[in-house]
Structure formats: structure tokens, C-alpha cells
Amino acid sequence: MSQLKLFVRKALIGGVLVLLPIVVIGFVFRWAFFLVTDLIQPLTDYTTQHYGLPELLADSLVIALILATCFVIGTLVSTGIGKWLHNHFDKYLVKLAPGYRIVKEIITQIFGNSEDSPFAKGEVVRVKLFGENCPTTVTALVTSKHNDGTVTIFMPTGPNPTSGNIYHIPEKLVEYFPEASVEKMMKSIIACGAGSDVLFQKKDLA
């Protein structure tokens, strides 16, 4: 009887582990879809009223137009004239909306290219945060190096790697792992440390 209960329990837990992530992802996509469609609803209403398109097709068309607009603007700001216009636009927008700069910097740090985002160009390290004689180490990202021999690190908190703490410490407390990618490090943080054995496994250079 106990074996039957154990079998049923394992089967139920196994089913939950398979189905629950799919259900959660489904809810996330559903939430994102309705969030986007609510934001573009005025444009969707205009499209359905003037062109007689079904609402789903109108939503898809509006989203495609928004993506195309983003592409055109991104192409424009990569030119000299576009950069000049963008810089002047930023100056006026900062004066009109004081919180604009903070929001822009946060988005740039997360989604920016390798020149802007420490999440893309940072170096994965293990840090003796509590001193050279303490064996405890933390997973971190070197975001800046200084002339006085210190480095700035960002220590993410699990399971949300976009939040954490910033420390300025002597570089001698830092052990670099050039083989480890930032992407794998973030996956380890999200998994609350699972996979750290592979992340910090140094390759044999001999």
C-alpha cells in the first residue's frame, strides 16, 4: 500500500513539474498579449473601423507597424544626423520629464548593446567579499576597473538577477572566470545557484 502511495505521489508531482511551467508561461504570454493589445487598442479600433479588418488581424497589423517604426527610428539614429537630432530631443525631454533619464538608463543597461550594458560586457567572477582569509565567496560581475587597483562589482540576487548590490573592492579579492559567459551566470542566479559547479569549472590549459 505504501508503494502504491509513493507511486501515485511521484506520478502527480512529475505531472505538476511538467505541466506547471507550461501553464505559467501560458499565463505570462496571455498577460503580455492583453497588455499590449490594451495599449494599442485606440489604433486597433481605428483600423477596424476604417478598413473593416477583424480585431486580431488589426492587432497584428498595428504591432507590425510599431515594430517597423522602431526599425526605421533605430536606423535613423545610427546616422550622424539622427544622433544629433536624438541628443537634442533627449535634452528637451529630460527637462520636460525628469524621470525620463533614469528610465532610459535602466532600459539601456538591460537591453543595450555591449558598449552600454554591463550585463553584456561584464566579467564573471567569484569574490571573497568578506575578506581574503574568509573562504566564503559570492558570484558577481565586474562592471568597472579603477586606477587605484580596486574594481566595482555587481552582485545579483537570486532568483532576480536584475537586482543586487554594488561593491568597490580590491582586485586581489576577485577570481576571474573568462570561460564563463554572463548568460550562463544569469541562468545560475535565476536557478538560485544551481549550475555553479559548471559555471566555475576552469578549463585545463595544459
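It should be noted that the structure appears before, not after, this text.
Reading guide: rules and limits
Position numbers for residues start from 1 in each chain and track the written sequence from start to end. It should be noted that, the model being predicted, local features are given only for residues of pLDDT at least 70 and side-chain atom pairs only at 80 or more, the latter also being counted only at that level, while totals for whole chains, interfaces and linings use all residues. Side-chain numbers here rest on the full set of heavy atoms in the structure, without hydrogens or water. In this description a helix means any DSSP run of H or I spanning at least four residues, a strand means any run of E spanning at least two, and both kinds are numbered starting from the N terminus. Only protein chains enter the area calculation, which uses a 1.4 Å probe; residues under 20% of their type maximum are buried, those over 50% are exposed, and those in between are partly exposed. Only rings of Phe, Tyr and Trp enter the pairing, Trp through its six-membered ring, and a pair is recorded when the two centres are within 6.5 Å. The plane angle decides the type: under 30 degrees is stacked, over 60 is edge-to-face, the rest tilted. By definition here, charges over rings are those cases where NZ of Lys or CZ of Arg is within 6 Å of the ring centre and within 35 degrees of the ring normal. The directions considered for the arc are those from the helix axis to the C-beta atoms. DSSP calls a pair of strands paired once it identifies at least 2 bridges connecting them. Note on geometry: axes are C-alpha line fits, over the in-contact stretch for helices, and angles between N-to-C directions span 0 to 180 degrees.

Engineer: How would you summarise unusual backbone geometry if you had to cite specific residues and measurements?
Structural biologist: Residues Gly-158 and Pro-159 are joined by a peptide bond in cis, for which omega reads 0°. Of note, the phi angle at Cys-192 is positive, near 55°, even though the residue is not glycine. Position of Cys-192 relative to the elements: it lies in the loop between α7 (182-190) and α8 (196-199). Residue class for Cys-192 comes out exposed when judged on its relative accessible area of 59%.

Engineer: Lay out the packing of aromatic side chains in plain terms, naming residues and giving numbers.
Structural biologist: Counted according to the given criterion, the structure contains 2 aromatic pairs. Judged by centre distance (5.6 Å) and plane angle (75°), the ring pair of Phe-33 and Phe-34 falls under edge-to-face. Judged by relative accessible area, which is 39%, Phe-34 ranks as partly exposed. Directly above the aromatic system of Phe-200 lies the positively charged group of Arg-126, at a separation of 5.2 Å from the ring centroid.

Engineer: Would you mind going over α7 in detail, with residue names and values included?
Structural biologist: Within α7, burial applies to Val-182, Met-185, Met-186, Ser-188 and Ile-189. The buried residues of α7 occupy an angular sector of 160° when projected down its axis, which confines them to one face. Looking at α7, the residues exposed on the side facing more than 90 degrees away from the buried face are Glu-183, Lys-184 and Lys-187.

Engineer: Lay out the sheet that holds strand β1 (residues 123-127) in plain terms, naming residues and giving numbers.
Structural biologist: In space, the 5 strands of this open sheet follow the order β4-β3-β2-β1-β5, with antiparallel pairing throughout. The open sheet has two free edges, formed respectively by β4 (164-170) and β5 (174-176), since each of these has just one partner strand. When the angles between neighbouring strand axes are averaged without regard to direction, this sheet yields 40°. The pairing of strand β3 (residues 150-156) with β4 spans 7 bridges and is classified as antiparallel. By the bridge assignment, Val-151 is partnered in β4 with Ile-169.

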